[in-house]
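A closer look at the structure
Spelled out from the first residue to the last, the chains are:
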Amino acid sequence: MSQQLSWLNNELDDLRRAGLARRRREFIPLSDGSCVVNGRRLIDFASNDYLGLARDPRLIAAAVKATQEAGTGASSSALISGRTEWHVELERRLAEFEGQPAAILFPSGYAANVGTITALAESDDVLFCNRFNHASLIDGCRLSKSRLVIYRHDELESLERELEKARDARRRYVVTDTVFSMDADLAPLPILCDIAERHDATLIVDEAHATGVFGERGRGVAELQQVEHRIAVRIGTLSKAIGSLGGFVTGSAELIDWLWNKARTQMFSTALPPAACAAATAALDVIATEPFRREVLAARSTQLRQSLRALGCEVPGELTCPIVPVIVGEPDRAVAAASKLEERGYFVGAIRPPTVPHGTSRLRITVHCGHTSDEVAALAAAVGDVLQGV
Ligand SMILES: *Cc1c(COP(=O)(O)O)cnc(C)c1O
């Protein structure tokens, strides 16, 4: 190794000793939703493909058709020549889906968050960012020139006090995930709307884990909690329940125009491949016509959470949320439990610091609508068993 980077050896050793080094592995996805890892076939309880759409034949057919007609890459940013008919159609469908006047696409949900926050919040403004927000929202806030205030959604009085103190700032933005993916709890959007309205603040919400999952029509927690008309900026991803790739923002025509002019992660990055747009558009059709997918997902998620709680596991979060965290404590214990589950044919995530606070390493299980009730029951029993031995 070059002398210049020799410090990396020591730093990496420190990470390994603390049980915090990341492992990378190769996954072979199978068409039935399972995957092969290290030669072993596993039921996938780790990916974010909640509705089982990423390998749905209808999405695949749409992606293949778009690829045959338009090629594999968009070849330039949307503002130059990358915005094809598939992009335009998806923008229209996303706006319609969320009942908003307009929508804009981004290369990823991460880019949507960073680009939107930095386009809106400038140096005379104040950003109020939830302590447990996704890294991409936090990075957007850090990159913005605004003053940053961190708040907790279980301590909203302090958010109100801070908003009061910031009343002389030019503008105030409250930024929140709608599903906090580490604890699987939902943001109290009606209360946040009240607070934002009282203090003349603008709400920016990220529905990454909620689009397609929550709400009668799958429009997210804003729909579930009936506050869609009270939220100015709605961000989502196409890469989780929608089964494709990309980020999006919906809102007023003026908001979307502004982002087309100012969002650097959109302007200076190549547009999505047409295939990703075509697949996402096909997914919106499935989400509209097959509500049973959401219903089955909620039922299986409830079953898993209740079974694990009955076994005495510490399982936080909303009963129907498909993210099911099981708190186990130290990082080594989380990794050992995940490996043991792998030996039994289940692929689940092990989440460690710095993603979660010290002492709260956890298994993160994600339920898909394709999991059977028997599979969920067997997994719960296996988790209970494995945790006895680690
Ligand atoms: C996954 C996720 C993102 C990032 O979305 P990508 O499309 O994968 O970049 C953003 N916000 C939240 C809350 C997420 O969970």
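Read on for an overview of the structure. (Residues numbered from 1 in each chain as written. Predicted model: local features only at pLDDT ≥ 70, side-chain atom pairs only at ≥ 80, totals over all residues. Heavy atoms only, no water.)

Let's talk about helix H8 (residues 189-198)
Taken together, the buried positions of H8 are Leu189, Leu192, Cys193, Ile195 and Ala196. Relative to the axis of H8, the buried residues are bounded by an arc of 165° and lie together on one face. Buried positions along H8 lie against strand S6 (147-151), helix H7 (156-165), strand S7 (172-177), strand S10 (201-206) and helix H9 (221-224). Note on H8: the residue one or two positions beyond its end, Asp200, has a positive phi of about 55°. (Buried < 20%, exposed > 50% of the residue type's maximum accessible area, 1.4 Å probe, protein only. Helix = DSSP H or I, 4+ residues; strand = E, 2+ residues; numbered from the N terminus. Arc of directions from axis to C-beta. Contact = heavy atoms within 4.5 Å.)

Here's the deal with the nonpolar core
Among soluble globular proteins, nonpolar side chains are generally buried collectively. Formed by 87 residues in total, the largest nonpolar core has its most connected members in Leu308 and Ile365. It is helix H12 (residues 274-289) that contributes the most residues to this core, 10 residues altogether. Each of domain 1 (20-49 + 291-388) and domain 2 (57-289) contributes no fewer than three residues to this core. With residues up to four places along the chain from it excluded, the contact list for Leu308 reads Cys313, Val315, Val324, Val326, Ile365, Ala380 and Val383. Grouped together as the second largest cluster of nonpolar side chains are 28 residues, Ile104, Leu137, Val175 and Ala263 included. (Core = buried A, V, L, I, M, F, W, Y, C linked by side-chain atoms within 4.5 Å. Domains from an automatic or database assignment.)

Quick word on the site of the ligand
If you check the shell around the ligand, you find 13 residues, and the closest are Gly109, Asp206, His209, Thr237 and Lys240. Gly109 has a polar backbone atom sitting 2.7 Å from an oxygen atom of the ligand. Within the contact set of the ligand, an oxygen atom lies 2.9 Å away from a side-chain nitrogen or oxygen of Ser239. If the ligand stood free it would expose 380 Å²; the protein chains cover 85% of that surface. With 3 residues, the single largest contributor to the shell around the ligand is helix H5 (residues 109-120). Its residues assigned to classes, the shell around the ligand shows 2 nonpolar, 8 polar and 3 charged. (Near = heavy atom within 4 Å. Polar contact = N/O pair within 3.5 Å; in protein donor to acceptor, adjacent residues only side chain to side chain. Areas by Shrake-Rupley, 256 points an atom, 1.4 Å probe, with all protein chains shown as cover. Nonpolar A, V, L, I, M, F, W, Y, C, P; charged D, E, K, R; others polar.)

A few points about the pattern of salt bridges
All chains considered together, the criterion is met by 31 salt bridges. One salt bridge connects Asp56 with Arg293, and the closest N-O pair in it is separated by 3.7 Å. In this pair, Asp56 is assigned in the loop between strand S3 (40-44) and helix H2 (57-70) and Arg293 in helix H13 (residues 292-310), connecting sequence segments 237 residues apart. Under the relative-accessibility criterion, Arg293 is labelled buried at 14%. Where Arg198 meets Glu160, a salt bridge forms, and the shortest distance between an N and an O atom there is 2.8 Å. Of this pair, Arg198 sits in helix H8 while Glu160 sits in helix H7, and the two are 38 residues apart along the sequence. Of the residues examined, Arg198 reaches a relative accessible area of 54% and is grouped as exposed. Where salt bridges share partners, they join Glu89, Arg92, Arg93, Glu96 and Asp285 into one cluster. (Salt bridge = Lys/Arg side-chain N within 4 Å of Asp/Glu carboxyl O.)

Quick notes on the pairing of S3
Within a regular beta strand, the side chains point alternately toward one face of the sheet and then the other, so they alternate between its two faces. Pairing of strand S2 (residues 35-37) with S3 involves 3 bridges; the strand directions are antiparallel. Its bridge partner being in S3, Cys35 is matched across the sheet by Leu42. Linking S2 to S3, which pair antiparallel, is a turn of 2 residues; within it Asn38 sits at a positive phi near 50°. The sheet contact formed by S3 and strand S14 (residues 346-347) spans 2 bridges and is parallel. Counted as the bridge partner of Asp44 is Phe347 from S14. (Pairing = 2+ DSSP bridges.)

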